[in-house]
Amino acid sequence: MALISLAQGLTHAQQNSYALGAFNVLDTHFLRALFQAAEQQRSPFIISIAEVHFKYVSLEHLVAAVRTEAALHDIPVVLHLDHGLHFEAVMQAIRLGFTSVMFDGSTLSYDENVRQTREVVKMCHALGVSVEAELGAVGGDEGGALFGEADSDKFTDPAQAADFVRSTSIDCLAVAIGNAHGKYKGEPKLDFDRLAAIRTTAGIPLVLHGGSGISDADFRRAISLGINKINFYTGMSQAALGAIETQISQRDARYDAFAELLMAVERDIANVVAQQMQVFGSAGRA
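Below is a short write-up of the structure. The structure presented is a predicted model; accordingly, all values stated were derived computationally and were not measured. (Residues numbered from 1 in each chain as written. Predicted model: local features only at pLDDT ≥ 70, side-chain atom pairs only at ≥ 80, totals over all residues. Heavy atoms only, no water.)

When helices and strands are tallied, the chain shows 10 helices and 10 strands. Its C-alpha radius of gyration of 18 Å places the chain within 12% of the 19 Å reference for a compact globule of 286 residues. Expressed along its principal axes, the backbone C-alpha trace of the chain runs to roughly 60 × 40 × 35 Å. Here the analysis covers contacts within the chain between residues at least 6 apart in sequence; of these, 74% occur between residues at least 24 apart. As displayed, the chain offers around 12200 Å² of accessible surface, 50% of which is attributable to carbon and sulfur atoms. (Helix = DSSP H or I, 4+ residues; strand = E, 2+ residues; numbered from the N terminus. Rg over C-alpha atoms; globule rule 2.2 N^0.38 Å. Contact = heavy atoms within 4.5 Å. Areas by Shrake-Rupley, 256 points an atom, 1.4 Å probe, with all protein chains shown as cover.)

Our focus in this paragraph is the pattern of salt bridges. When the charged atoms of two side chains lie near each other, side chains of opposite charge can form a pair. Across all of its chains, the model carries nine salt bridges by this definition. For the salt bridge of Glu-112 with Arg-115, the shortest nitrogen-to-oxygen distance reads 2.6 Å. Here Glu-112 pairs with Arg-115, and both are found in helix α5 (residues 110-126), just three residues apart, close to one helical turn. For Arg-267, the salt bridge identified is with Asp-268, shortest N-O distance 2.9 Å. By relative accessible area, which is 44% here, Arg-267 ends up partly exposed. Salt bridges linked by common partners bring Glu-39, Arg-42 and Asp-74 together as one network. (Salt bridge = Lys/Arg side-chain N within 4 Å of Asp/Glu carboxyl O. Buried < 20%, exposed > 50% of the residue type's maximum accessible area, 1.4 Å probe, protein only.)

Looking now at the environment of Phe-98. Relative to the helices and strands, Phe-98 resides in the loop between α4 (87-96) and β4 (100-103). On a C-alpha basis, the gap between Phe-98 and Ile-223 in space is 25 Å, while along the polypeptide they are 125 residues apart.

Below, the discussion takes up the side chain of Glu-266. Note on placement: Glu-266 falls in helix α10 (residues 257-280). A relative accessible area of 3% places Glu-266 in the buried class. In this structure the side chain of Glu-266 is engaged in a polar contact, spanning 3.0 Å, whose partner is the side chain of Gln-36. Leave out the neighbours within four places in its chain, and Glu-266 touches His-29, Arg-32, Ala-33 and Gln-36. (Polar contact = N/O pair within 3.5 Å; in protein donor to acceptor, adjacent residues only side chain to side chain.)

What follows covers the nonpolar core. Ranked by internal contacts, the top residues of the largest apolar core, which has 79 residues, are Phe-45, Ile-47 and Leu-173. For this core, the leading source of residues is α10, giving 11 residues. Ignoring anything within four residues of it in the chain, the contact list for Phe-45 reads Leu-20, Gly-21, Phe-23, Leu-34, Phe-35, Ala-38, Ile-75, Pro-76, Val-77, Val-78 and Met-277. In this structure, Tyr-18, Leu-20, Ala-22 and Val-78 belong to the second largest nonpolar core, which totals 13 residues. (Core = buried A, V, L, I, M, F, W, Y, C linked by side-chain atoms within 4.5 Å.)

Encoded structure:
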C-alpha cells in the first residue's frame, strides 16, 4: 500500500477515537517487527525515524526498505521524521519521500518557535507533507539518556496552544503534560485537566511523546481527551535488549546462533508493539 500522510491517518483516528502508534525504526529488523505486529492486529501505524538516529542508519537505504515493505501490505502507514531539529533534516526527509515531519522548536523562544515552525509548515504543506510541532517541553532526553522526568514549569500552556496553532497552521501538536522520554523515574503523573483544556483551545489532534512506561489506563484516558498519536520507542529498545541477553545466555556453538538472535529481537519487538496497538485502540482499524 502507498504511504499515507499523517493528516490522513489522524483524521481517521479522530473519527474513530483511537491513537496511532508512532514506532521508531533503526534497521530492517525493527521494520519487519512493526509490520508483523500490524498484520496480526490489522492496525494502521506510523514508522518514525528520529534525527538523532540518523548517525546510526543509512537513511536512503532504510527509506527504500520502508517503501518496499509497505508495498507488500495493505496496512495504512505513515513515514514520519521524529524530532527534526534542523531545517536540513526536514529537507532531507522531504526529498526522500517522508509523508510527515515533526519540527521540534521546543528549545527555542516562543516567538522563534512560531516563526520557524510556520516556515516549515509553508514548505511542507505545499508538497502534501504533514507537520507536527511541540509546545512546552517534554521531559527526558530524546538523544539517549535512559531515565527522564517531567518539569511542570515547561508544561504546555492551553491559552498559548491556541495562539500557536493559529499562527503556524500545524496538523498536530505534541504536548507536555507530565510525559517524558525514556524510562520514567517513578510513576508518571499526567495532568489530564491540562490535556482537556489544550484539546479545547488547540482544536487539532494532540500527540503524546514518551509513551513507554505510561499505564494502559492512562493511555486510554489520554486518548479520550484528544491524544491521537502516541510515540513509543524505549519499550521496543528494552524488548530488543532483553531478547539479546536471553539468547546470549542460552547460546551454543551452532552456526546460526546469531541469526536466531536477530529473529528473537524481531519477535519480542513485534509482541510489545502488538500489545500497544491494542491499548491505543488502533487494532482492527486497518
